[in-house]
Amino acid sequence: MKSLLLFALLSSTPAFSAFTLTSKDLKDGQTLPSKQVFNGFGCTGENISPQLQWSGAPQAAKSFALTVYDPDAPTGSGWWHWTAVNIPGTVTEIVAGAGNDAKLL
């Protein structure tokens, strides 16, 4: 009877997948491409947000928030590159340049 109870508990336990964030534009350990670099404060990039895609989020997620903070920026207090909030829970990708008014999520 104990083995049946254990099986019932294990089979009713929800399976969790790992949350994964990937990008076609950014590569781990590499310098940012110039199109993703800020254009200002002495930088001469194109100021285009990167493509981001994720999977493994909880099914009950209602929305996402995304922040990009650079603690190494030479400002004395770091630099917030950008913040996006209220991304619908059904969204799994942000296209490159999503901060541009001409593009949609």
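Further up the page is the structure itself.
What comes next concerns the included structure. (Residues numbered from 1 in each chain as written. Predicted model: local features only at pLDDT ≥ 70, side-chain atom pairs only at ≥ 80, totals over all residues. Heavy atoms only, no water.)

## Re the overall build of the protein
And then number 1: Secondary structure assignment for the protein yields 1 helix and 7 strands.
And then number 2: Going residue by residue from the N terminus, the α and β elements of the protein occur as α-β-β-β-β-β-β-β.
And then number 3: Every one of the 105 residues in the protein was classed for burial, and the buried ones make up 17%.
And then number 4: Of the contacts made within the protein by residues no fewer than 6 positions apart, 52% connect residues no fewer than 24 positions apart.
And then number 5: On the protein, roughly 8,300 Å² of surface is accessible, and the fraction owed to carbon and sulfur atoms is 60%. (Helix = DSSP H or I, 4+ residues; strand = E, 2+ residues; numbered from the N terminus. Buried < 20%, exposed > 50% of the residue type's maximum accessible area, 1.4 Å probe, protein only. Contact = heavy atoms within 4.5 Å. Areas by Shrake-Rupley, 256 points an atom, 1.4 Å probe, with all protein chains shown as cover.)

## Observations regarding the sheet that holds strand E4 (residues 52-55)
And then number 1: Pairing within the open sheet is antiparallel, and its 3 strands lie in the order E1-E4-E7. If you trace the sheet from one side to the other, it starts and ends with strand E1 (20-22) and strand E7 (93-94), each paired once.
And then number 2: Pairing geometry for E4 and E7, over 2 bridges, is antiparallel. Bridging across to E7, Gln53 finds its partner in Glu93. (Pairing = 2+ DSSP bridges.)

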